[in-house]
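Observations on the three-dimensional arrangement
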Amino acid sequence: SRKEVFAVAQMGPVHLADSKQATVARLIEMLREAHARGARWVTFPELALTTFFPRYVYDDPAEYDRFYEEGLPSPAMIPLFEAAKELGVGFYLGYAEKVVEEGATRRFNTSVLVGPDGKILGKYRKIHLPGTKDPIGDPEFEHLEKRYFEVGNLGFPSFATPSGRFGMCICNDRRWPETFRTMALRGAEVFLLGYNTPTRNIHHPEPAHLREFHNRLSLESAAYQNGAWVMAAAKCGSEDGFAMIGGSAIVAPTGETAAMCMSEEDEVITVNCDLDLGAYIRRSVFDFARHRRPEHYGPITQQ
Ligand code: CDT
């Protein structure tokens, strides 16, 4: 077996008025707790440095630029990068990215993977952006990711790390099986993801319990169907009155949830993960080379 301690660092709310400096201090405190419990890797949430700002309507970039990071590490991230390197802990961090590419200013909902030695191992830009570009006119249900971000342009790679190959995705991506299958086909054996999920479905009035259920269902099926570990970190609780689910979890390749957060606050969970646990699944029922039938999967990529 190949054992390694992984941590998921759930965050309670980050309010509009909270400074990035104070928020990064919270991340560092959890990083230290994870390290004290023997963790080599920590997964933080999506858009971990700010409130979930796509719930608000802004028209002028001057109003929303403050939510984005420029450069990697950005000035706000530097204390986290330094603490992690000092402790020898790698991490996944979600943030809003502003970058000049091909002569234009571009904005993405991004995550970065940093190794235990402080080196940047890779970057992922969210592909499944939920919600709308234009406001729907109901402040309780605005979800304007399509307004503030472009669709990610880096695909679903997997990244070589000292602990094996990892894949990254972000929040709504976890509801799409294609996300995980693509990463698994590229050799990922650990999936890292952060999320911000409102307690009420933005699209349809659903019974409240389904929000938690669909989260668990997505994580557990992704793990089992790809024989991979899943590290899922929520930002949750009530951000200025807007409630989001918790339920951050570490899910084993068997599809079993090995640890789950119980609060809607900053909370660290750890599991000593056997990275070989999924090997028998990938050798048997989900041996892609022997049993997949891509010649019958045409519509998945053609429509
Ligand atoms: N951040 C994010 O992607 N949230 C979405 C809410 C949309 S509800 C279908 C999510 O999938 O959790």
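Below is a short write-up of the structure.

The rules behind the values
In every chain, residue numbers begin from 1 and rise along the written sequence. Selection of residues for local features in this predicted model requires a pLDDT of at least 70, selection of side-chain atom pairs for listing and counting requires 80 or more, and totals for whole chains, interfaces and linings are taken over all residues. Excluding hydrogens and water, the side-chain figures rest on all heavy atoms present in the structure. Numbering goes from the N terminus for both helices and strands, where a helix is a DSSP run of H or I of at least four residues and a strand is a run of E of at least two. Note that the radius of gyration is over C-alpha atoms, with the globule rule given as 2.2 Å times the number of residues to the power 0.38. Any two residues whose heavy atoms approach within 4.5 Å at even a single point are treated as in contact. Areas reported here follow the Shrake-Rupley algorithm with a probe of radius 1.4 Å; residue values treat only the protein chains shown as occluding. His is not counted here, nor are the chain ends, while Lys and Arg score as positive and Asp and Glu score as negative. For charged residues, the charge sits on one atom: NZ in Lys, CZ in Arg, CG in Asp, CD in Glu. The pairing test for Phe, Tyr and Trp rings, Trp by its six-membered ring, is centres within 6.5 Å, and the orientation test on the planes gives stacked under 30 degrees, edge-to-face over 60, and tilted for anything in between. Relative accessibility under 20% of the residue-type maximum defines a buried residue, over 50% an exposed one, and the middle range a partly exposed one, all with a 1.4 Å probe and only protein chains included. By definition, being over a ring means that NZ of Lys or CZ of Arg is both within 6 Å of the ring centre and within 35 degrees of the ring normal. By definition here, a salt bridge exists when the distance from a side-chain nitrogen of Lys or Arg to a carboxyl oxygen of Asp or Glu is within 4 Å. For this analysis, a polar contact is any N or O atom pair within 3.5 Å, provided that within protein one partner can donate a hydrogen and the other can accept it, and provided that sequence-adjacent residues contribute only side-chain to side-chain pairs. Strands are labelled as partners when DSSP assigns at least two bridges between them. Directions pointing from the helix axis toward each C-beta atom define the arc. One heavy atom within 4 Å of a molecule or strand makes the whole residue count as near it. When residues are grouped by polarity, Ala, Val, Leu, Ile, Met, Phe, Trp, Tyr, Cys and Pro land in nonpolar, Asp, Glu, Lys and Arg in charged, and all others, Gly among them, in polar. Axis angles are defined between N-to-C directions and span 0 to 180 degrees, where every axis is a line fitted to C-alpha atoms and, for a helix, only to the segment in contact. Every angle not falling under 35 degrees, over 145, or within 65 to 115 is termed oblique; those three ranges are roughly parallel, roughly antiparallel and roughly perpendicular. Should the near helix be turned anticlockwise from the far one by less than a right angle, the crossing is termed left-handed; should it be turned clockwise, right-handed.

Section: the overall build of the protein
Helices and strands together make up the secondary structure of the protein, namely nine helices and 15 strands. Relative to the globule expectation of 19 Å for 303 residues, the C-alpha radius of gyration of the protein, 18 Å, shows essentially globular dimensions. A principal-axis box enclosing the C-alpha atoms of the protein has dimensions of 55 × 45 × 45 Å. For the protein, long-range pairs separated by at least 24 residues make up 70% of all intrachain contacts whose partners lie at least 6 apart in sequence. For the protein, the exposed surface amounts to about 13000 Å²; the carbon and sulfur share of it is 54%. Placing the 34 positive and 40 negative side-chain charges of the protein at their respective mean positions leaves the two points 6 Å apart.

Brief notes about the packing of aromatic side chains
Inspection of every chain in the model, using the stated rule, returns 18 aromatic pairs. On the numbers, 6.2 Å between centres and 65° between planes, the contact of F44 with F91 is edge-to-face. Pair noted here: F44 is in the loop between β2 (41-43) and α2 (61-64) and F91 is in strand β4 (residues 90-101), with a separation of 47 residues, a long-range link. Taken individually, F44 and F91 each receive the classification buried, so the pair is uniform in this respect. Between the aromatic rings of Y64 and Y148, the centroid separation amounts to 4.9 Å while the plane-to-plane angle is 70°, which identifies the pairing as edge-to-face. Taken as a pair, Y64 in helix α2 and Y148 in helix α4 (residues 145-148) lie far apart in primary sequence, 84 residues in all. Grouping aromatic residues by their ring pairs yields a cluster made of F53, Y56, Y58, Y64, F67, Y68, Y148, F149 and F242. Lying over the aromatic face of F108, R125 brings its terminal NZ or CZ to 4.1 Å of the ring centre. Over the face of the ring belonging to Y195 we find R174, whose NZ or CZ atom lies 4.4 Å from the ring centre.

Re the side chain of E142
With respect to the element layout, E142 can be found in the loop between β6 (120-125) and α4. For the buried E142, no salt bridge is present, and the opposite-charge side chain at shortest range is R147, 8.0 Å distant. There is a polar contact of 2.8 Å between the side chain of E142 and the backbone nitrogen of G137. The contacts of E142, once residues within four sequence positions are left out, are P54, R55, V57, P135, I136 and G137.

Let's talk about the pairing of β6
Both strand β5 (residues 104-114) and β6 contribute to a ladder of five bridges, which runs antiparallel. Bridging from a neighbouring strand, V112 pairs with K123 of β6. Count of turn residues in the β5/β6 antiparallel hairpin: five residues, of which G118 carries a positive phi of about 90°.

Comments concerning helix α5 (residues 177-185)
Taken residue by residue, α5 has T179, F180, M183 and A184 as its buried positions. Projected down its long axis, α5 carries its buried residues within an arc of 120°, all on one side. Elements that come into contact with the buried residues of α5 comprise β7 (158-161), β8 (164-170), β9 (190-195), α6 (209-226) and α8 (288-291). Directly beyond the C-terminal end of α5, a positive phi value near 95° is found at G187.

Quick look at the site of the ligand
Taken together, 16 residues lie near the ligand, and K126, C171, N172, R175 and T197 sit nearest. The separation between an oxygen atom of the ligand and a polar side-chain atom of K126 is 2.7 Å. Coverage of the ligand by the protein amounts to 96% of the 350 Å² it exposes when considered alone. Counted by class, the shell around the ligand contains five nonpolar, five polar and six charged residues.

Quick notes on the packing of α5 against α6
The interhelical angle for the contact between α5 and α6, taken along N-to-C directions, is 30°, at an axis separation of 10 Å. Classified by the interaxial angle, the pair formed by α5 and α6 is roughly parallel. α6 is crossed by α5, and the crossing has right-handed handedness. Facing α5, whose interface residues are F180, R181 and A184, α6 presents A222, Q225 and N226. Across the contact of α5 with α6, the residue classes break down as three nonpolar, two polar and one charged.

Distances and angles like these do not, on their own, reveal function.
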